[in-house]
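# Fold and contact review
Chain residues, written in single-letter form:
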Amino acid sequence: MNRTREALVGLVIVVAAVVTAVGVLWLQGATWGRPQVEMEAVFDEVGLVRSGNAVKLRGVQVGRVREITVDPAGDLVRVRFRIDEGVTLPDQPVVVLSPESLFGDWQAEIHPRTRFPRVRFPEPREADVLPGHALPDISQLTAAADEISETMLVLTERVGIAFSEDTAENIASLIDNIEDVTTQLATLVEQQAASFTEVTDDLRQATQGIGSAANQARVTLERVDGLLARDEVESTLQDLAGLTANLRGLSAEMDGTNREFRELAAQVESTFAKVEGMLEVVEAGDGSLGRLLHDPGMAEEMEGAVTELQLLLADIRENPRRYVRLSIF
Amino acid sequence: MTERILAPFSTIGRRAVALAAGIGRWGMLTAETFRSLRHVDVWGRLLLQQMAKIGLDSVPIAVFIAIFTGIVLSLQASYTFTGAVPLYFVGVLVGKTMMLELGPVLTGLALSGRVGANIAAEIGTMRVTEQIDALETMAYPPVAYLVLPRVLAGIIMFPVVTALAIAVGIGSGWLTALQLLDMSTPEFVRGLTLFFEPFDVTFAFIKATSFGFVVTTIGCLFGFHTRGGAEGVGTSTTQAVVVSSMSILVLDAFWAVTLL
Amino acid sequence: MSIQMNEVYKAFGDVRVLEGFSLEVEEGETLVVLGRSGSGKSVMLKHIVGLLLPDKGNVWVDGQQISNLPTKELYLLRRKVGYVFQFAALFDSMSVAENVGMGLERMKEFSREEIRDRVEECLTLVGLEGLSDRFPAELSGGQKKRAGIARAIAIRPKYLLYDEPTTGLDPLTKAVIDRLILRMNRELGVTGVVITHDMESAYRVGDRIAMLYGGRRRFLGTPDELRSTTDGVVKGFVEGRPELLENAS
């Protein structure tokens, strides 16, 4: 065992140790003395970000994620990262985690908060900690897209079943009719509001009348709702006409008015306005049919409007004084 | 007739007993090896010599293997990734594979041939020429004198050689990517650092250390139990290489199951 | 009563080698143990230094029972025993001098210079002066054996065990070795046990001669008694006449 061999053994060990140490530091992204500042951000969850991922500002890498820990309180994830000293952050900086590529590597980007107005960021307790948000990763997006496409499929199928040429025409004319009715209703209400100058004795009766009218309206709208199934456009239109007649008759009965009733009238008017607005929406777009089909909330909204009307009338029935004050004196 | 039916079973039985006995002998030798740590005066001055023999002398073969592994990994990765995957993933593949698998395992297998065979042959020869008995009569505990320095040298030097092999392998993969794949250094380095975790290195060292332990103890075991002259030495050497190579692969799977 | 074996049994698996072997070696004598190849002579000799332990029976050396001895004391006892191996068993990786000095180094009582002097002295004694830097592979068979003897005597043992010291050597070298054994005995006062199947050597060095046969001691006596024995087995072996042996057994 001569000296040279001994020295060589030592040399090999030292070289291996140095290579390992330098290699690990390098691969971990050591800065080799470049000054950096440590920062922290909190997240509801962090997706697939891991320590060592890039921290970017305007697309340029300025640092790396160092450590990810769950906050002791359990409701937040704390991510510590280092960025180069002297990097100026935007106003109200937030950290957004997102996939860097499609292959599972993530990044942390620093953005001004204003770029994400609709994202709800967790509010950090400490002043120097940034709020952060993890964007859904590709798998989540795929899942959502999947769901949407499934719904579309169901919808398309239903449309295919319900809509023949005839029903389409019927609905088109129905919509024209509904518009008419609504215009009539609106003018009627205006007339009523003007002519209600006195309190009538049969206010109660009147409200009941409105109630039944509203019921009728509800039935009518339900029928609209069910139109796709039942081919009763004709009778629906008759119903609407009847309803309008009813209301007109009602207004004739009510020959008195006061201020409170004016308010009631305004409310009724706004309700009808809503219905009208809805119908306008139906009208708009490509011949309106497609739009009706693409807005599943439409029927609900119509129904909601009627419900509102009914509630209003029920309220009038129960607390007429709130709306109508007897001015006998 | 019954004999013919029973023959395969008795073979299996004999093999099982032999395997159990072998594991038992290995366990006893290992235990004796650790007990021999107290004879520092015996093994202390032999350690460096064995480190040179087991570690230093193995560097060239390990580096040679690593160079070609790196080249092949790089080229095959790019071949596999064509089109679908960005080329910087060549860096990921070369780095991860060298660190987690090929660095430790190929080095281990190469050294099981070189070191395991050497140990088994040397100790086996000493056994059949009564040199081990001679050690005993001169009051040298044979395990402390022969086994312990080799096992310690294996435990210390396998990780050292493996570290060099990994570095060289990644280096050669990198050069290949640069020269033959039209990749740029930043691209390769991006792949290299992308999924790197310090645990990868720890994992490589755990593997290398255990391989060093297994290869040296198995070499010593077969050497110690050598019987019957030159032929016996030949048999022991072959068995040592076969068994330690198999143990490396089993251990490799074991670590992958337990640590990853 | 320096070395004593009482009713020693030893078997390797199914092969029973010693079956109640007993032997007593007197202080200062050289005892030759004869026996055919494979009769268990080496096994017997290895029991004396504790390289093998008896299955049954016991072995006493220098007043200590080998099989009960803790390792540490066994190692201390071994410093009193030199063992000359059949094929010398020199360490291939070491020079002759290193081989011879190994036992001394282990004793940790000597300085580097003392060891060097003692090694040189021992090599001179066996006639290998000037070969201390050679490696075993560079020695002839006889030189190896002499180097083995030098290694055994370097620690100044009280007992020397020779495992077939003259087997396979030319007559001249044989004579040299035999003389060496005698010198050890006469000049250093060493008690010796020599196992051999070489009758010439046996008569030359043995104060007493024993014969191992069938796992037991078949004969023990002076060389003269051996010459005049009537035991067919012993006579057949000594005179090299198989037919006597067959008749007797």
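Shown above is the structure to which this text applies.
These remarks concern the structure in this document. (Residues numbered from 1 in each chain as written. Chains lettered and ligands numbered in written order. Predicted model: local features only at pLDDT ≥ 70, side-chain atom pairs only at ≥ 80, totals over all residues. Heavy atoms only, no water.)

### A word on the overall build of chain C
When its secondary structure is counted, chain C shows 10 helices and 10 strands. Within chain C, buried positions represent 55% of all 249 residues. For chain C, the share of sequence-separated contacts (at least 6 apart) that also reach a separation of at least 24 residues comes to 65%. By element, 48% of the accessible surface of chain C is carried by carbon and sulfur atoms, the whole surface being about 11,100 Å². (Helix = DSSP H or I, 4+ residues; strand = E, 2+ residues; numbered from the N terminus. Buried < 20%, exposed > 50% of the residue type's maximum accessible area, 1.4 Å probe, protein only. Contact = heavy atoms within 4.5 Å. Areas by Shrake-Rupley, 256 points an atom, 1.4 Å probe, with all protein chains shown as cover.)

### Describing the interface of chain B and chain C
By a widely used convention, the size of an interface equals the accessible area lost when the partners come together. Tallying the contact residues gives 19 residues for chain B and 21 residues for chain C. Between chain B and chain C, the buried area comes to about 1,800 Å², and carbon and sulfur atoms account for 56% of it. Summed over the three residues of chain B that lose the most area to chain C, namely E130, T137 and M138 of chain B, the buried surface amounts to 33% of that side. Summed over the shared surface of chain B and chain C, the number is six salt bridges. Of the charged contacts in the structure, one is a salt bridge between D133 of chain B and K46 of chain C, with a shortest N-O distance of 3.1 Å. Between chain B and chain C we count nine residue pairs in polar contact (both at pLDDT 80 or more) in total. When residues of the side of chain B that touches chain C are traced back to their parent elements, those giving at least two are α2 (40-54), α5 (131-137) and α6 (142-180) of chain B. The leading source of residues in the side of chain B that touches chain C is α5 of chain B, at six residues. In terms of residue class, the side of chain B that touches chain C is made up of 10 nonpolar, four polar and five charged. (Buried area = accessible area lost by both parts, 1.4 Å probe. Salt bridge = Lys/Arg side-chain N within 4 Å of Asp/Glu carboxyl O. Polar contact = N/O pair within 3.5 Å; in protein donor to acceptor, adjacent residues only side chain to side chain. Nonpolar A, V, L, I, M, F, W, Y, C, P; charged D, E, K, R; others polar.)

### Focus on the sheet that holds strand β6 (residues 81-84) of chain C
To summarise the sheet geometry, strands pair through backbone hydrogen bonds and adopt either a parallel or an antiparallel arrangement. Residue and element names in this part refer to chain C. In space, the six strands of this open sheet follow the order β6-β7-β8-β3-β9-β10, with mixed pairing throughout. Each edge of the open sheet is held by one strand with a lone partner, namely β6 and β10 (216-221). Along the sheet, successive strands turn relative to each other by an average axial angle of 15°, direction set aside. Across five bridges, the pairing between strand β9 (residues 208-213) and β10 is antiparallel. Bridging across to β10, I209 finds its partner in G221. The strands touched by helix α1 (residues 41-48) are β3 (30-34), β6, β7 (159-163), β8 (191-196) and β9; relative to β8, the strand with the most contacts, the crossing angle is about 155°. In this fold helix α5 (residues 141-154) packs onto β6 and β7, with an angle of close to 170° to the strand it touches most, β6. (Pairing = 2+ DSSP bridges. Axes fitted to C-alpha atoms, helices over the stretch in contact; angles between N-to-C directions.)

### Quick look at α1 of chain C
Residues separated by three or four positions in an α-helix point in the same direction, a consequence of the helix having 3.6 residues per turn. Residues and elements named next belong to chain C. By the criterion of burial, α1 is predominantly enclosed, with seven of the eight residues buried. Turning to α1, its buried residues number three or more, namely K41, V43, M44, L45, K46, H47 and I48. Positive backbone phi, approximately 75°, marks G50, located one or two places after α1.

The values are spatial; any link to function lies outside them.
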